[in-house]
Amino acid sequence: MAGMATTFSVSSASPILSRPSTLSSLSFSSKSFILPMRSLNRAPLSHRFPRIMAFSSNDIKVGSNIEVDGAPWRVIEFLHVKPGKGAAFVRTKMRNYLTGNTVEKTFRAGSTMSEAAIYKETKQFTYKDGPQFVFMDLTTFEETRVNESQIGEKVKWLKEGMDCNLLLWNDRLFDVEIPITVKLTVVDVDPGLKGDTAQGGGTKPATLDTGAVVFVPLFVNIGDEILVDTRTGQYMNRA
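What counts and what doesn't
- Residues numbered from 1 in each chain as written.
- Predicted model: local features only at pLDDT ≥ 70, side-chain atom pairs only at ≥ 80, totals over all residues.
- Heavy atoms only, no water.
- Salt bridge = Lys/Arg side-chain N within 4 Å of Asp/Glu carboxyl O.
- Helix = DSSP H or I, 4+ residues; strand = E, 2+ residues; numbered from the N terminus.
- Buried < 20%, exposed > 50% of the residue type's maximum accessible area, 1.4 Å probe, protein only.
- Pairing = 2+ DSSP bridges.
- Axes fitted to C-alpha atoms, helices over the stretch in contact; angles between N-to-C directions.

### As for the pattern of salt bridges
Oppositely charged side chains can form a pair if their charged atoms are brought close together.
Piece 1. Considering all chains together, one arrives at 9 salt bridges under this definition.
Piece 2. In this structure, Lys120 and Glu177 form a salt bridge, with 3.2 Å as the shortest nitrogen-oxygen distance. On the criterion of sequence distance, the pair formed by Lys120 in strand β9 (residues 118–129) and Glu177 in strand β13 (residues 172–177) is long-range, its members being 57 residues apart.
Piece 3. Assessed through its relative accessible area of 51%, Lys120 is described here as exposed.
Piece 4. Given the relative accessible area of 29%, Glu177 is considered partly exposed.
Piece 5. With its nearest N and O atoms 3.8 Å apart, the salt bridge here joins Arg238 to Asp224. Here Arg238, found in strand β18 (residues 234–238), pairs with Asp224, found in the loop between β16 (213–217) and β17 (225–229); they are 14 residues apart in sequence, far enough to count as distant.

Given below as C-alpha cells:
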C-alpha cells in the first residue's frame, strides 16, 4: 500500500530478525507509518532451514563438506586430474563425520553434489548428570544433554566452565569439539626430588582434576596447574 512502511532491524550476529517487543499505537503521516511487531521466540533460521548448496566437483577443495550416499563427509585431500584421453575427474580422500571412516572416492569433473550443512553451536559445559554431560547456551540458557559415548575419549579433558563447540548435521549432534589447549590441576603425583629442575630429564605419571593421567616432568608437584594438548594428551608446560 502506498505511503505505508514496516520497520524492523536485522542483527548481523544472528540469523533471527530482531523485532520491537513493546506495543504502541499506530502513527500515520503522509510519508509513512510504523507498524509495531511482537517479538517471537523462534529457533534460528539455520536450525529450521538447513542450508543445502549445490556445487560442482570442480569446486572441491580441502575442508569442503559434501553429502555422499546420504552422509556428511569432509574432504581431506583432493587432486584434479585431466588425462590425455578420457574425461577429467577429481580424486579425493574423505572422512565420514558420523563414523570417522576415511575412504577414497573419484568424481567426474563438473558433476554436481550437495554441500553438507555442518554448523557449530558454542556452549559451555556446566555439569555431569549420570552418563550425560550438560552444555548450556549462555545467551538463551538452553541446555543440551550429550551422552558420554558421543564425546568419546575427550571426556577426560572436560572441565566445568569450559566452552566447547557442538557440531550438528541436519539437527543431529555428531561431535563435540573441545579446546586444543586446556589448563588442568595436578591432584596426585610423586613428589619432586631436590635438584629436579625445568631443564632436568625424565617424566612421571600425574593424575589431573578431570581424572586424566599424563606424563609430566619430575619437578611438577601436586597443586601445580599445567597446560595439556588435548590432541595428543601431552604435557606442554606449567600454566
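### Description of unusual backbone geometry
Piece 1. Backbone geometry at Asp69 places phi at a positive 55 degrees, although glycine is not the residue there.
Piece 2. Looking at the element boundaries, Asp69 is found in the loop between β4 (65–68) and β5 (71–81).
Piece 3. Asp69 gets classed as exposed once you look at its relative accessible area, which sits at 77%.
Piece 4. A positive phi angle, close to 65 degrees, is found at Phe141, a residue other than glycine.
Piece 5. For Phe141, the location among the structural elements is in the loop between β10 (132–136) and β11 (143–147).
Piece 6. Under the relative-accessibility criterion, Phe141 is labelled exposed at 56%.

### Section: the sheet that holds β13
Within a sheet, each strand pairs with its neighbour through backbone hydrogen bonds, oriented either parallel or antiparallel.
Piece 1. Overall, antiparallel pairing links the 5 strands, which are arranged β11-β10-β9-β12-β13 in an open sheet. Each having just a single partner strand, β11 and β13 make up the two edges of the open sheet. Adjacent strand axes in the sheet meet at a mean angle of 45 degrees, parallel and antiparallel pairs treated alike.
Piece 2. Note that β9 and strand β12 (residues 163–169) share 7 bridges and pair antiparallel. Paired with Ile118 across the strands is Trp169, a residue of β12.

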